[in-house]
Structure formats: structure tokens, C-alpha cells
Amino acid sequence: MANNNQSVHGIWRNRWIFILAATGSAVGLGNIWKFPYITGEHGGGAFVLMYLACIALVGIPVMVAEVAMGRRGRQSPINTMISLISEAKAGPAWKAIGWMGALAGFLILSFYSVIAGWALSYVLKLAAGTFVGADQALAGDQFSDMLGDPSGLMMWHTIFMVLTAGVIMRGVNKGIESAIQVLMPLLFVLLLVLIGYAAKNGNFAEAVHFMFDADFSKLSAESVLVALGHAFFTLSLGMGAIMAYGAYMPRQASIGTTVFAIAGLDTLVALLAGLAIFPIVFANGLEPSAGPGLLFVSLPLAFGNMAGGQFFGALFFILVTFAAWSSAISLIEPATAWAVERFKTSRVKATIGIAFIIWFLGIGTVFSFNDWSDYVFFAKTPDGIELFAVMSELKAMYPTAVDTLKGLTFFDLLDFITANIMLPLGGLLIALFVGFGMKYHHVYNEMQVKTPLFFNIWYVVLRFITPIAIGIVFIQGLLPECSFDSELLDADSGVCSNAPYLQPRLIGGVIIAIVYVGIIVKSLKKPARGLAE
Ligand code: PHE
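Fair warning: this is a prediction, and the values are worked out from it, not measured in the lab. All residue numbers refer to positions counted from 1 along the written sequence of the respective chain. Only residues with pLDDT of at least 70 are given local features in this predicted model, and only at 80 or more are side-chain atom pairs given and counted; all residues enter the totals for whole chains, interfaces and linings. Derived side-chain values reflect all non-hydrogen atoms in the structure, with water molecules and hydrogen atoms excluded from consideration.

J.: Which residues make up the overall build of the protein, and what values go with them?
T.: Only DSSP runs of H or I covering at least 4 residues are called helices, and only runs of E covering at least 2 are called strands; the numbering of each starts at the N terminus. Counting secondary structure elements, the protein contains 20 helices and three strands. The buried label applies to any residue whose accessible area, calculated with a 1.4 Å probe on protein chains only, is under 20% of its type's maximum; exposed applies above 50%, and partly exposed to all values in between. Of all 533 residues assigned to the protein, the portion counted as buried reaches 61%. Put simply, 81% of the contacts in the protein that link residues at least 6 apart link residues at least 24 apart. Surface accessibility in these figures is a Shrake-Rupley result with a 1.4 Å probe; residues are shielded only by whichever protein chains are displayed. Entry remark: accessible area of the protein is about 20,100 Å², with carbon and sulfur atoms responsible for 67%. In what follows, residue pairs with any heavy atoms lying within 4.5 Å of each other are defined as contacts.

Following this line, the structure appears as C-alpha cells:
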């Protein structure tokens, strides 16, 4: 079996580099941009608590499993799956983990790169002093002007994709390692500086109350699904990024402690970002539920009114760009490593082909914020759900129900499908594969167990708690919520407020139920597997 081999793509120099690279993958726009705004949209404390629970019960166990799989297979996730399947004599359907993961990486990077482009363009804006002395209106206008200009967005998206491809071309050791070592610590320090500012000038007490006082009445089943999806997104799980990096991990390093370090750092950065942003939001009367613009409106406002803000602001967005960069690299690595193996081609050629496809897909996200912002999927109307609709036409059709009309733009749709469906589904399959598909003694062996108690706890959680938790959240979050909670039903329009997701809900729920039952039934038929086997 390949587990004693070295990967053809290189190997990290030591365990510390693996921690850095995986943290570089985990810490990114998910922590600094997405976590604060979805926390704002989903009501604060209760959502944060659910997110932390998902990290502990689902994220960490799956991350351990993913690293172990990668290290055992030592190839791209797609080929790692093929060799692990043959080692375990498991069914070929498990290959879906590798393929779905590479696809999720494509889709995520296509919008991730556009948002990273926003951060790039903000470096210039802040450095130029655009926000010096800014008020709320100016900060808001700057953001909407940026969104309204597709050619500008395209340019930044293109620059970011070129940067990402540039690192990937140089290969794992030279490219990825050197970029991350300096930047991660710097980002951390700058976040602390920002919190210092927010504590002095913002409404810190209100922010802490919002983020840490749990009011469960604000939590819908869909919010729990978003919390779960975000746990996967922020830890880079469920799509093979961590598996690909695990393939370059030295054999003797302990997986358990390493994963705790990575997940701990990632969570810390997200909470720090929240504590930097929300005090400013509340002090300036901004809306916590403002959506994707939250970071890009609140922080420039703070920088614009603080001493040295022009410099620190530019520096901050440079660091956000770097954090996004080190994540983007890991989003594209699984597909690149696979293409190199599959087509026996050079890394440079593989990278160019793949980066081009992702760049092209990204155009959809660029237009989601301007020319196509009117086109929505799963539109919620008083007469039911429309798979595809034009928002302005709907508004004209239902003048009395304008506020209840909702839909997903192309960007929203990509975000929803990847983070809330594909990644948790990938994580579910990973938990089941390592828990039931792989042979016990192979898993035990790969984990280099020093404390059997810890191993056993992890193994039980991975086999039973993690899959059931994901299953419940999926079924609750993807089924029409009004069947559980009639208060969500709008008496006038007759629409359930979660109805836009009716179809993905049903499909996702049914898939999950079938897969889980199938796997359990299959594994019951196998003879018991002990260490002696
Ligand atoms: N974890 C990254 C972030 O939080 C995003 C990411 C998702 C990276 C999936 C790789 C894989 O920004």
C-alpha cells in the first residue's frame, strides 16, 4: 500500500509546516468576511453557539479523518480514494468523495476569487485615503459603486486568479510554504490592533452581547444548516483540500493534536474578526444583517476615522487578500494534483487549464452583483416557488408582497449549494468511509495511536455522532420548515418563510437517508473487524 511512500508532489519539511499550510487553508474569507455577516444575518449568539458545536462534534472528527485518509493515500484526493477503496475492498461508489470534492473546489473558488478581488481593490482605496474622515453614507456608496462596475470586478477577479495559479504552478514546497509563514502571524496581530480600536471607539458591550448571548428563538432550522455548512467551509473540509495537504504530511506526526491546533486557530480568528467588526457596526447604527458588504462597509469606516488608518487599513486588506490567497491555493490543489497524475502533464499546464475554467465560472458571480442581480433562482412568491425568475417582474406582479419576495442570485446559489450541501455531504461520506468502509486496523495504524482512549472516543464520534448530526441537520434544514413550525407561515401570502429551499431540502434529505441506511446495512453484513485481522 502507498502509505509508506512519498507523494510525487513533495512533502512538508516538518509538522509545523503542515500546521501552517492547513491553517493557511482554513483561515480565509470564511473567517473574516463570511463568519461575521452570516452571524449578523442569523441573529448572533445562538448561531455562534451552533457553529461552535458543529466545529466540535462534526468539524474536528471529520478533519482528523480527512488528514488520515490523505496521508495513507499520498496522492490527489481522487486517486487517494481509488487506492483506499482497493485497500479496503470497498465499493466503487466511494469515489464520489474525490470527484464531488474537486467539483466543490471549482465552484467555491469561482466566487471566492471574486470576493478576494473586492479585498484587493480595497487595498488601493484605503491606501489612497478614500475613507479618511468617512461617514456611513460614503462607506456604503463606495461599496455599492464597486459592485456596480462589472469591468472593475472582472479585473480584480482576474488578478487574484493569476496570483493563485502562480503559487500553485511553483509546487507545494516552494510555492505554498514560503507565502504562508510570514503572513499568518501578521494577520493575527493586526486583528488584535483592530479589536483594540473597536474596544475604545465602538460599542463593544453591545457586540459581545450580540455575539455571545444566545437567543434560540432567533434560530431557524435553516440557520443550523448554515452553521453546519460554515463549520465545513471555514475548516476547508468535505472537499479534499485537507486530504490533499494530509498527503504531504510526514508519517510520524500526530494527527490529533495537529488538528486541534488548526481548528483552534481558525475558530479564534473568526471570533476575533467578529469582535473587531460588530462594535463598529453597532456604534455607527449599521445593520448587522447587512449581508456580504458588512466587512467592506464597517471596517473602512473605522479605519477612516482612526489615526494612521490609511496605512493600517491598506495593510489590513493586504492581509485579508493573503489569507484568501492561501485558502484559494488549497481550493485548486486537489484538481491540479489529480490532473498532473491523470494526464502525466506538468504542473504548469495543469494549473493553467484548471485556473482558466474557474476564472470563467467566476464571471457568473461578477454579474450577480450588477447586470444579473435581477435574475434569481428558487424565488419565493405568494403563489409558490419559481425555479428561475426575474425579480423586478415578480415585484411588479406582487406589489403588496414585495417584502416577502426572496430568491438566490447566481452567487447565492453557488454559495448555498457548495457550503450548505456539497461540503457537509462530502463530510458525511468521509465520516462513513473512515468509520465503516476502511478496515479498523488500517485506520488504527494510520493514526499512530499513543492514547487508545482518545482514539476510541474519536472513532465512536466519527461513526455515530457525526453522521447522525449531519443527517438531522440536513433533513431538518432541507425540509419545508413550516411542517415543524407553523409560525413561519405567512398568513397573508400563505408562504412558508423557508420555502425557497424546498426542493434542495427534499432532494438532500432523501439522498442522505438512503446513503446512511445503505452504509449501515452493508457494514452490518461484514464480519467483525478487530486488531487481529
Ligand atoms: N476555509 C476557507 C475560508 O474560510 C475556505 C475554503 C473552503 C478553503 C474549502 C478550502 C476549501 O476562507
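Back to the text.
J.: Please give an account of the packing of helix H2 (residues 29-41) against helix H12 (residues 255-283) that cites residues and values.
T.: Interaxial angles span 0 to 180 degrees and are taken between N-to-C directions of axes, which are lines fitted to C-alpha atoms, for helices over the stretch in contact. The geometry of H2 relative to H12 is characterised by a closest axis approach of 9 Å and an angle of 65 degrees between their N-to-C directions. In this structure, the crossing between H2 and H12 has a hand that is right-handed. Along its contact with H2, which presents Asn31, Ile32, Phe35, Pro36, Thr39 and Gly40, the element H12 presents Asp266, Val269, Ala270, Leu271, Ala273, Gly274, Ile277 and Phe278. Under the grouping applied here, Gly and all other residues not named as nonpolar or charged are polar, the nonpolar ones being Ala, Val, Leu, Ile, Met, Phe, Trp, Tyr, Cys and Pro and the charged ones Asp, Glu, Lys and Arg. Partitioned by chemical class, the residues of the contact of H2 with H12 number nine nonpolar, four polar and one charged. In this scheme, a crossing is called left-handed if the near helix is turned counterclockwise away from the far one by less than a right angle; it is called right-handed if the turn is clockwise.

J.: Describe in detail the packing of helix H14 (residues 309-343) against helix H15 (residues 347-368), supporting the description with residues and values.
T.: Helix packing geometry: the angle between the two helix axes and the distance between the axes. In the contact formed by H14 and H15, the axes pass within 9 Å of each other and the chain directions differ by 135 degrees. It follows that H14 is oblique to H15 by the angle criterion. The two elements H14 and H15 cross, and the hand of that crossing is right-handed. Across the interface between the two elements, Ile332, Glu333, Ala335, Thr336, Ala339 and Val340 of H14 pack against Arg347, Ala350, Thr351, Ile354, Ala355 and Ile358 of H15. Across the contact of H14 with H15, the residue classes break down as eight nonpolar, two polar and two charged. Roughly parallel covers angles under 35 degrees, roughly antiparallel covers those over 145, roughly perpendicular covers 65 to 115, and oblique covers all other angles.

J.: If you had to explain a nonpolar patch on the surface to someone new, which residues and values would you point to?
T.: Patch construction takes residues with relative accessible area above 30% that form no salt bridge. Like charges are linked within 9 Å, and nonpolar side chains (Val, Leu, Ile, Met, Phe, Trp, Tyr) are linked within 5 Å. Between Lys or Arg on one side and Asp or Glu on the other, a salt bridge is scored when a side-chain nitrogen of the former is within 4 Å of a carboxyl oxygen of the latter. On the surface, Leu57, Val460, Phe464, Ile465, Ile468 and Ile472 cluster together into a nonpolar patch covering about 510 Å² of accessible area. Top contributing element to the nonpolar patch by residue count: helix H19 (residues 452-478), with five residues. Summarising the element assignment, Ile472 is placed in helix H19.

J.: Lay out the packing of aromatic side chains with the relevant residues and their values.
T.: Ring geometry is summarised as follows: Phe, Tyr and Trp rings, the Trp one being its six-membered ring, pair when their centres sit within 6.5 Å, and such pairs are stacked at plane angles under 30 degrees, edge-to-face over 60 and tilted between the two. Scanning all chains against the criterion turns up 36 aromatic pairs. Between the aromatic rings of Phe369 and Phe411, the centroid separation amounts to 5.1 Å while the plane-to-plane angle is 45 degrees, which identifies the pairing as tilted. Residue Phe369 is found in the loop between H15 and strand S1 (375-381), and its partner Phe411 is found in helix H17 (residues 410-437); the two are separated by 42 residues along the sequence. On the basis of relative accessible area, Phe369 is assigned to the buried category, the value being 17%. The ring centre of Phe233 lies 4.4 Å from the NZ or CZ of Lys34, which sits over that ring. The rule is short: NZ of Lys or CZ of Arg within 6 Å of the ring centre and within 35 degrees of the ring normal puts a charge over the ring.

J.: With reference to specific residues and values, describe unusual backbone geometry.
T.: Of note in the backbone geometry, Lys89 takes a positive phi value of approximately 55 degrees without being a glycine. Of note, Lys89 is situated in the loop between helix H4 (77-88) and helix H5 (96-127). With relative accessibility at 70%, the residue Lys89 sits in the exposed group.

J.: Explain the site of the ligand to me, using residue names and the numbers behind them.
T.: When at least one non-hydrogen atom of a residue lies within 4 Å of a molecule or strand, that residue is treated as near it. Near the ligand there are 14 residues, and of these Ala26, Gly30, Tyr112, Phe233 and Ser236 occur at the shortest range. Contacts described as polar in this section are N or O atom pairs within 3.5 Å, which, within protein, must combine one atom able to donate a hydrogen with one able to accept it, while residues neighboring in sequence count only if both atoms come from side chains. With respect to the ligand, the backbone of Ser25 contributes an N or O atom lying 3.2 Å from a nitrogen atom. Thr234 has a polar backbone atom sitting 3.2 Å from a nitrogen atom of the ligand. When the free accessible area of the ligand is taken as 320 Å², the share hidden by the protein chains comes to 100%. Elements that contribute at least two residues to the shell around the ligand include exactly helix H1 (15-26), H2, helix H10 (221-234) and H14. Across the shell around the ligand, the residue classes break down as six nonpolar, eight polar and no charged.

J.: Before we move on, could you go through the nonpolar core and cite the residues and values that matter?
T.: Residues grouped as a nonpolar core are buried Ala, Val, Leu, Ile, Met, Phe, Trp, Tyr and Cys residues, joined through side-chain atoms within 4.5 Å. The biggest cluster of nonpolar side chains holds 176 residues, and the ones touching the most others in it are Trp118, Phe316, Phe433 and Trp458. Ranked by residue count, the leading element in this core is H5, at 19 residues. Residues contacting Phe433, with those up to four places away along its chain left out, are Met69, Met81, Leu84, Ile85, Ala90, Trp94, Ile97 and Met438. If you look at the next biggest cluster of nonpolar residues, it comprises eight residues, including Val376, Ala379, Tyr398 and Ala401.

J.: Account for the pairing of strand S2 (residues 384-390), with residues named and values stated.
T.: Here the rule is simple: two strands pair whenever DSSP picks up at least two bridges between them. Bridge count for S1 against S2 is six bridges, and the pairing is antiparallel. When the sheet's bridge partners are listed, Phe377 is paired in S2 with Phe388. Between S1 and S2, which pair antiparallel one after the other, the connecting turn spans two residues.

J.: Account for helix H13 (residues 294-304), naming residues and giving values.
T.: Of all 11 residues in H13, 11 are buried, a share of seventy percent or more. The complete set of buried residues in H13 reads Leu294, Leu295, Phe296, Val297, Ser298, Leu299, Pro300, Leu301, Ala302, Phe303 and Gly304.

J.: A description of the sheet that holds S2 should follow, citing residues and the corresponding values.
T.: Read across the sheet, three strands follow the order S2-S1-S3 without closing on themselves; strand pairing throughout is antiparallel. Whereas interior strands pair on both sides, the edge strands pair on one side only; in this sheet they are S2 and strand S3 (406-408). The mean angle between the axes of side-by-side strands here comes to 30 degrees, regardless of whether they run parallel or antiparallel. Note that S1 and S3 share two bridges and pair antiparallel. Pairing of Lys380 across the sheet is with Lys406, part of S3. Taken strand by strand, H17 contacts S1 and S3, and its axis lies near 70 degrees from that of S3.

J.: With reference to specific residues and values, describe the pattern of salt bridges.
T.: For side chains bearing opposite charge, pairing can occur when the charged atoms are close. Under the defined criterion, the tally for this structure stands at six salt bridges. Here Glu446 ties to Arg71 by a salt bridge, and the two come within 2.9 Å at their closest N and O atoms. Within this pair, whereas Glu446 is found in helix H18 (residues 440-446), its partner Arg71 is found in helix H3 (residues 45-73), the two being separated by 375 residues in sequence. Accessibility assignment for this pair places Glu446 and Arg71 in one class, buried. Between Arg251 and Glu446 there is a salt bridge, with its nearest N and O atoms 3.0 Å apart. Pair noted here: Arg251 is in the loop between helix H11 (241-246) and H12 and Glu446 is in helix H18, with a separation of 195 residues, a long-range link. Both residues of the pair, Arg251 and Glu446, count as buried.

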